[in-house]
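Letter by letter, the chains look like this.
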Protein chains: 2
Amino acid sequence: MTKFSYSLNATDGKARTGVISTPRGDIRTPAFMPVGTAATVKAMMPESVAATGADILLGNTYHLMLRPTAERIDRLGGLHKFMNWDKPILTDSGGFQVMSLAGLRKLTEKGVTFKSHIDGSSHELTPERSMEIQQLLGSDIVMCFDECPALPADKDRIAESMRLSMRWAQRSRDAFGDRPGHALFGIMQGGLEADLREESAQALREIGFDGYAVGGLAVGEGQEKMFDCLDYAPGFLPEDKPRYLMGVGKPDDIVGAVARGIDMMDCVLPSRSGRTGQVFTRNGVVNIKNARHADDPRPLDEACTCPACSNYSRAYLHHVFRSQEMISGMLLTWHNLHYFQELMQGMRDAISEGRFAEFEKTFHETRAQGDIEPL
Amino acid sequence: MTKFSYSLNATDGKARTGVISTPRGDIRTPAFMPVGTAATVKAMMPESVAATGADILLGNTYHLMLRPTAERIDRLGGLHKFMNWDKPILTDSGGFQVMSLAGLRKLTEKGVTFKSHIDGSSHELTPERSMEIQQLLGSDIVMCFDECPALPADKDRIAESMRLSMRWAQRSRDAFGDRPGHALFGIMQGGLEADLREESAQALREIGFDGYAVGGLAVGEGQEKMFDCLDYAPGFLPEDKPRYLMGVGKPDDIVGAVARGIDMMDCVLPSRSGRTGQVFTRNGVVNIKNARHADDPRPLDEACTCPACSNYSRAYLHHVFRSQEMISGMLLTWHNLHYFQELMQGMRDAISEGRFAEFEKTFHETRAQGDIEPL
């Protein structure tokens, strides 16, 4: 059986490209993970998600533990079989969504109790329970249970929270045990404070993980502060393990993160935007609901090979969006995920060929051109 | 260029099987036409609709004339190109939806004026305008503009309405002109009155059409009265032209209609039901929202080869329905359309092989068994 391993194949500046090998297949890095919150990437068939080039999905522990429950998914053969996705799945720990979605939270050293946002029922998440749930789901990459304070927060609060997360990281490691072919990732915290980030990274390295996430960013601090932190934070982590930036992001966030040494990212943006008519293209964002598209026979992006661009006019996409037809979300989500994966492939190629700086320059110049002129 | 033609290949009792040839491809009859109201079969990619076995779609003139408008679709190259469907399309005349959806209707000898249900704007439909719109859409099978009275209605009202529709049928024929490769179908009216049905059929035959619809049924009269009418009405129509029963129906309606000599049908039922969790199977209707499915690892129908049945458990389909995920409507619509098309193929084969009575018997017996027992 293939073990979980990471091979760093090339670097270009701080940018890295490599391959994470798992028993369920390889993950080419830098990798973008579409989000399949409730055992589905919204508006997509799983075979269509694979067709966009995704090697791995993210599933949300918080949502799945509440509905249909981890025990039920386990009885049904695990999350891969349940949702008809046989490639790798990374699950988050549930901690972040408890903080952002659940009601009546109570945080203690042991863990967190909360009420479900679906039916108000009471639940508890601890490092041990999070590990158990992620194992029941059959996750290939399991995330440590952590706490993520909202920013801005004062340094004492951030330090206290980070140290709690490091104690929980040790408990997660202990509870995870030895599961060949499955990986456990630690999560660095510490807000925007370099010394706390370094302290957190050191604590995680001492415990030892199969990969390391940069947590606590993309929570409202803005791109400039996020990039400031990414200028140093990845450097505190081991070079020979994958680095995952959680919850990022817009295309320019992604390119900037890869430039700073990040290997993996996830975000709901391409799928959520697909359902609200916001389209990502090489030339920036297109809002398909805009009346300028009503009579436009051209594709969203003539260079794109996704089904939305290959088979439909902007006029059609505008019509079905305005008519609130499901095919609107289906086609635009497909396009957005295709665009994000194409962006990742472009970066992987550029890093391999030592021309990442040129790639970045072209990326920003092409975006700055903006959408094609109306007819 | 292929002309529009109909070949009756076999009969078994009153049931018929044949092929309608058009420049855009053959339509195997008896045929079920999925409904693509607003230039999309809701929740389906057009290539998926084709994969279910559909040879032809129905488009709604009323919806398309209001949004995005027939003139816009014409400028964009016609409905086939607009919606990425290159097989035949039949369009209705708009008359039925004006009566069921539009506001402030005013009916005269000339036609009908009404207000859009979308934005309240004023519009007029006449036989001539309906022919023009259907030509702008690029419809392969055009329906005469007719009036369909709600049932029950007294016989004088039904007779008066039918005779108006026959005058409109002549005007439709005159306005349609000579369009090789495109067909115009007349619509028989006359409610549940045999003498009026015969009078209507005679009027249509004198005008001469490429096919004939039985209109004014499936409007609330119930299956028994509909079948009573279908026991005689198709016999008033020419044998050498296709016969289309509009707006039908449930699987047992369809089988009963084919048994009575109908060649074509359309209905929103499989797609609409797919979005509300109602599933059609050989064993009758399954309501996927029922809690009995929550832990059921079995497919909807183990004999079905559609993606929903091949790749997912009832438990998954229950979960995504309860979670209001789009994939629920996508998978269940696909299944329902697949089931309807498989039913049509089964009838075509049975008629060809002279065993339609046996097919009908097995169909009803299998349905009567009901769904598999809960685990």
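Residues numbered from 1 in each chain as written. Chains lettered and ligands numbered in written order. Predicted model: local features only at pLDDT ≥ 70, side-chain atom pairs only at ≥ 80, totals over all residues. Heavy atoms only, no water.

As recorded in an unreviewed UniProt entry, chain A goes by the name Queuine tRNA-ribosyltransferase, listed as coming from Halocynthiibacter styelae. The record held by UniProt for chain A lists under Pathway (unreviewed entry) the comment "tRNA modification; tRNA-queuosine biosynthesis." (UniProt positions renumbered as here; feature names shortened; annotations may be inferred.)

Caption draft 1: Looking closely at the UniProt feature "active site" (unreviewed entry) in chain A. Residue and element names in this part refer to chain A. Per the UniProt record, "active site" (unreviewed entry) is found at Asp92 and Asp266. On the basis of their most widely separated C-alpha atoms, the annotated residues across 175 residues gather in one place, lying no more than 10.5 Å apart. Relative to the assigned elements, aspartate 92 resides in the loop between strand S6 (89-91) and helix H5 (95-101). Apart from residues lying up to four places away in sequence, aspartate 92 is in contact with Leu58, Gly59, Asn60, Thr61, Tyr62, Gln97, Gln134 and Met143. In terms of polar contacts, aspartate 92 uses its side chain to reach the side chain of asparagine 60, at 2.6 Å. The topology assignment puts aspartate 266 in strand S14 (residues 264-267). (Helix = DSSP H or I, 4+ residues; strand = E, 2+ residues; numbered from the N terminus. Contact = heavy atoms within 4.5 Å. Polar contact = N/O pair within 3.5 Å; in protein donor to acceptor, adjacent residues only side chain to side chain.)

Caption draft 2: Geometry of the pattern of salt bridges. Taken as a whole, this structure holds 48 salt bridges over all chains when the rule is applied. With a shortest N-O distance of 2.8 Å, Arg28(B) and Asp55(B) are connected by a salt bridge. Of this pair, Arg28(B) sits in strand S3 (residues 25-29) while Asp55(B) sits in the loop between helix H1 (46-51) and strand S5 (57-59), and the two are 27 residues apart along the sequence. Counted as one network, the salt bridges with shared partners bring together Glu71(A), Arg129(A) and Glu132(A). (Salt bridge = Lys/Arg side-chain N within 4 Å of Asp/Glu carboxyl O.)

Caption draft 3: Expanded view of the packing of helix H7 (residues 155-176) of chain A against helix H8 (residues 194-207) of chain A. Residues and elements named next belong to chain A. The geometry of H7 relative to H8 is characterised by a closest axis approach of 10 Å and an angle of 10° between their N-to-C directions. As the angle between them shows, H7 and H8 are arranged roughly parallel. Residue-level contacts link Lys155, Ile158, Ala159, Met162, Arg163, Met166, Ala169, Gln170 and Arg173 of H7 to Asp195, Leu196, Glu199, Ser200, Ala203, Leu204 and Ile207 of H8. Among the residues forming the contact of H7 with H8, the class breakdown is 9 nonpolar, 2 polar and 5 charged. (Axes fitted to C-alpha atoms, helices over the stretch in contact; angles between N-to-C directions. Parallel < 35°, antiparallel > 145°, perpendicular 65-115°, else oblique. Nonpolar A, V, L, I, M, F, W, Y, C, P; charged D, E, K, R; others polar.)

Caption draft 4: Examining the relation of the copies chain B and chain A more closely. Turning chain B through 180° and shifting it by 0.0 Å along the axis lays it on chain A, with an RMSD of 0.0 Å. Here the two chains are linked by the operation of a two-fold rotation axis. The C-alpha atom lying nearest the rotation axis in chain B is that of Met326(B); the distance is 3.9 Å. The residues that chain B uses at the interface reappear at the interface of chain A in 100% of cases, marking a shared surface. (Least-squares fit on C-alpha atoms with pLDDT ≥ 70 in both.)

Caption draft 5: Representation of the sheet that holds strand S1 (residues 5-12) of chain A. Residue and element names in this part refer to chain A. Strand order in this open sheet of 3 strands is S1-S2-S3, and the pairing throughout is antiparallel. Each end of this open sheet is capped by a strand with a single partner; those strands are S1 and strand S3 (25-29). The average angle at which neighbouring strand axes cross in this sheet is 15°, direction not considered. As defined by bridge partners, S1 adjoins strand S2 (residues 15-22) across 7 bridges and the pair is classed as antiparallel. Its bridge partner being in S2, serine 7 is matched across the sheet by valine 19. (Pairing = 2+ DSSP bridges.)

Caption draft 6: Region of the structure containing the domain arrangement of chain A. All names here are of chain A. Domain assignment breaks chain A into domain 1 (5-267) and domain 2 (274-369). Between the C-alpha centres of domain 1 and domain 2 there is a distance of 27 Å. Contacts between domain 1 and domain 2 engage 29 residues on the former and 27 residues on the latter. Residues aspartate 252 and arginine 367 are paired through a salt bridge, measuring 3.6 Å at the closest nitrogen-oxygen approach. (Domains from an automatic or database assignment.)

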